[in-house]
Number of protein chains: 4
Amino acid sequence: VSKFAPLDPAWEAKVRDSFDRQGFMRYLEARLTRLEPGLAAIELPFRTELAQQHGYFHAGATSAIADTAGGYAGFSLFPACSSVLTVEFKINLVAPAMGERLHAVAEVIKPGRTLVICDLKVWAVSAVREVLCATGLQTLICLKDKPDA
Amino acid sequence: VSKFAPLDPAWEAKVRDSFDRQGFMRYLEARLTRLEPGLAAIELPFRTELAQQHGYFHAGATSAIADTAGGYAGFSLFPACSSVLTVEFKINLVAPAMGERLHAVAEVIKPGRTLVICDLKVWAVSAVREVLCATGLQTLICLKDKPDA
Amino acid sequence: VSKFAPLDPAWEAKVRDSFDRQGFMRYLEARLTRLEPGLAAIELPFRTELAQQHGYFHAGATSAIADTAGGYAGFSLFPACSSVLTVEFKINLVAPAMGERLHAVAEVIKPGRTLVICDLKVWAVSAVREVLCATGLQTLICLKDKPDA
Amino acid sequence: VSKFAPLDPAWEAKVRDSFDRQGFMRYLEARLTRLEPGLAAIELPFRTELAQQHGYFHAGATSAIADTAGGYAGFSLFPACSSVLTVEFKINLVAPAMGERLHAVAEVIKPGRTLVICDLKVWAVSAVREVLCATGLQTLICLKDKPDA
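All values derive from a computational prediction rather than experimental measurement.

Helix and strand counts for chain A come out as three helices and six strands. Its C-alpha atoms give chain A a radius of gyration of 15 Å, within 12% of the compact-globule value 15 Å for 149 residues. Considering only C-alpha atoms, chain A reaches an extent of 45 × 30 × 25 Å along its principal axes. Going through the 149 residues of chain A one by one, you find that 62% of them count as buried. Across chain A, the fraction of contacts at a sequence separation of at least 24, relative to all contacts at a separation of at least 6, is 65%. Only carbon and sulfur atoms are counted for the fraction: they give 55% of the accessible area of chain A, which is about 5,700 Å². For chain A, the distance from the average site of its 16 positive side-chain charges to the average site of its 16 negative ones is 4 Å.

Here it is, written out as structure tokens:
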């Protein structure tokens, strides 16, 4: 059971539709794998197109899915006819992002009417292990009367 | 004239070679447009593959080039036989990243033997204007005796 | 000449009055030494009461004046009848904060109607030198119709 | 049971002794209320000397105890003859810090040989409630062969 009550009855369709309109997530081949009020998870399978110079996931790819998961964790709680923007985020890359896929999970820590704060975590997952590779904090803003679509 | 003296005479070739090995930068079609000791700039032309749900550059793309520019600004000052890792970065998305291209510029603020701090700025550039769309701070670590290639 | 035009004609008195009501700044013996639209500077003389375990300025004291300078840099641009709150800040402690006094300077990078972003810098100053000891980024929010006093 | 094994058998005395040498914590009348390997908690009773302009705890006081708790959470895991420095921290002030006291709890998320990452949380506590007022992330560095005392 989620600890948050969404304000928009259409929250789930709205979030999935918004995610699907993100050309960047499609280009990265990222998928929204879990969605609850105040929580979103994204998976990103490894490809050399996503690598940095040592062959691991690029911190930019790690950050991109962490930021996006956070945005949708927050957006799920927003009222109808509003949009979400990332104000800022900070991310610590705590271990090499090496594995078959990344798994980003974002959760709302503090829902506010204007600002929402999310916790961001990314794991590097392989057949044998799952390692926390990034942890972050994000501030979102709710733009009222600006429909997302 | 740069205010920093590189420790590795081969710094420029080393940085360019490392950038070229980043599958992610190639996939994004990002180009290293300027390189000096302690400074790197990256350009990213707009494509719908880089967009978020409103059609602007995705914050993940903005962050990816900012982080990469910072990494190479720092790496340019590192001794031979060392690698660079991003410890963490924080980025404020201060205006919609809309335009024909993004232009990220990173500069070393504080060079240290182990840690290096960079200032990150990203502009959204179109024919008629240039708008600061992101500003950030980044911490890098120098891994000695770990050649990048 | 400042690059920002204050919205409240009484901006200077308003900021100085607010600073004077901060028990914490008084307790630290911090002084507001410079004030312009979008810019504030604070000085903090050294005392052992402000030290960490090695005898330098405590990062908490460094952060406190950096955050406060940023808050008033932003507040100077706010309309009448509004208050300022720090949403978040990030600070890198780039050199030991040792010296006779700290000198924090905050400047608005991006003024917005709701959110304002500030650059924060702190120097450790002694008779013989001035060393950048901290650099940060801060997000402020303007609370309308909530007078500060 | 702690999930971390301290490297220095004298970790507890070492941390308490270091905390006691912090003039700033004493001046704020902050107390170290809980200490485990990888975890530290600090309490700060309210006084008007710690207030900002609206009479709540100043964000600088909130940050100071959060940063200090994080520093000692990390230091508890360091080897003998080493010191701790805060590289950087980021903190979101998510609710007004009003109450009888603040309660900061820091936990190591990622222990490394050189860098340690901590989660920081601060609650504002009164007789009737306990509200999360700040959440942060911190990067520490372990300085080997530099005894703290």
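When chain A is brought onto chain B, the operation consists of a screw motion whose angular component is 180° and whose axial shift is 0.0 Å, with 0.0 Å RMSD remaining. The operation mapping one copy onto its partner corresponds to a two-fold rotation axis. It is K90(A) whose C-alpha, among those of chain A, lies nearest the rotation axis, at 1.9 Å. Residue by residue, 100% of the interface of chain A is reproduced at the interface of chain B, so both copies engage with the same surface.

What follows covers the relation of the copies chain D and chain C. For these two chains of identical sequence, chain D goes onto chain C by a turn of 180° and a shift of 0.0 Å along the axis, with RMSD 0.0 Å. A share of 100% of interface residues in chain D that are also interface residues in chain C marks the association as one of identical surfaces.

Strand order in the open sheet formed by twelve strands is 1(A)-2(A)-4(A)-5(A)-6(A)-3(A)-3(B)-6(B)-5(B)-4(B)-2(B)-1(B), and the pairing between neighbours is antiparallel. Strand pairing shows two members of the sheet lacking a second neighbour, strand 1 (31–36) of chain A together with strand 1 (31–36) of chain B, which therefore form its edges. Strand-to-strand twist across the sheet, computed as the mean angle between neighbouring axes with direction ignored, equals 20°. In this structure, strand 3 (residues 83–93) of chain A lies alongside strand 3 (residues 83–93) of chain B, joined through five bridges in antiparallel fashion. By the bridge assignment, K90(A) is partnered in strand 3 of chain B with K90(B).

Turning our attention to the interface of chain D and chain C. Opposite the 36 residues of chain D that make contact, chain C presents 36 residues. The largest contributions to the chain D side of the interface with chain C come from F24(D), Y27(D) and Q53(D), which together make up 26% of the buried area. One can count two salt bridges joining chain D with chain C. The partner of E88(C) in a salt bridge is K90(D), with the nearest N and O atoms 2.7 Å apart. At the boundary of chain D with chain C, the tally comes to 27 residue pairs in polar contact (both at pLDDT 80 or more).

This paragraph deals with the packing of aromatic side chains. As enumerated under the stated definition, the model contains 20 aromatic pairs over all chains in all. Centre to centre, the rings of F19(D) and Y72(D) are 6.1 Å apart; their planes meet at 65°, and the pair counts as edge-to-face. In this pair, F19(D) sits in helix 1 (residues 11–20) while Y72(D) sits in helix 3 (residues 59–75), placing the two residues 53 residues apart along the sequence. Among the aromatic residues, those joined into a ring-pair cluster are F19(A), Y72(A), F75(A) and F78(A).

Turning our eyes to something else, we now look at the side chain of E88(A). Along the chain, E88(A) turns up in strand 3. Assessed through its relative accessible area of 0%, E88(A) is described here as buried. Here the side chain of E88(A) touches T139(A) through a polar contact of 2.4 Å, side chain to side chain. Engagement of the side chain of E88(A) in a polar contact is seen with the side chain of K90(B), the distance being 2.7 Å.

Analysis parameters
Counting from 1, residues in each chain are numbered in the order their sequence is written. Going through the entries in the order they are written, you letter the chains from A and number the ligands from 1. With pLDDT at 70 or above as the cut-off, local features in this predicted model cover only qualifying residues; side-chain atom pairs require 80 or more to be listed or tallied, and sums for whole chains, interfaces and linings still use all residues. To obtain the side-chain values, all non-hydrogen atoms of the structure were used and water was disregarded. Secondary structure elements follow DSSP: runs of H or I no shorter than four residues count as helices, runs of E no shorter than two count as strands, and numbering proceeds from the N terminus. Only the C-alpha atoms count toward the radius of gyration. The rule for a globule is 2.2 Å times the residue count to the power 0.38. Think of it in three bands: residues with accessible area under 20% of the maximum for their type are buried, residues over 50% are exposed, and the middle band is partly exposed, with areas taken using a 1.4 Å probe on protein chains only. The contact definition used throughout considers only heavy atoms, calling two residues in contact when any of these lie within 4.5 Å. To measure how exposed things are, a 1.4 Å probe is used in the Shrake-Rupley method; for residues, cover is taken only from the protein chains shown. Think of it this way: Lys and Arg go in the positive column, Asp and Glu in the negative one, and His and the chain ends go nowhere. Where a charge lies is defined by one atom per residue type: Lys uses NZ, Arg uses CZ, Asp uses CG and Glu uses CD. Superposing copies: least-squares fit, C-alpha atoms only, residues required to have pLDDT of at least 70 in both. Two strands form a pair only when DSSP identifies at least two bridges running between them. Structural elements are reduced to axes, namely lines fitted to C-alpha atoms, with helices fitted over the stretch in contact, and the angle between N-to-C directions of any two is expressed from 0 to 180 degrees. Note on definitions: buried area is the accessible-area loss of two parts on being combined, 1.4 Å probe, summed for both. Note on definitions: salt bridges are taken to be side-chain nitrogens of Lys or Arg within 4 Å of carboxyl oxygens of Asp or Glu. Identification of polar contacts relies on pairs of N or O atoms within 3.5 Å, with a donor-acceptor requirement for protein atoms, meaning one able to donate a hydrogen and the other able to accept it, and with residues adjacent in sequence counted only if both atoms are side-chain atoms. Each Phe, Tyr or Trp ring (for Trp, its six-membered ring) is paired with any other whose centre lies within 6.5 Å, and the angle between the two planes then decides the class: stacked below 30 degrees, edge-to-face above 60, tilted in between.

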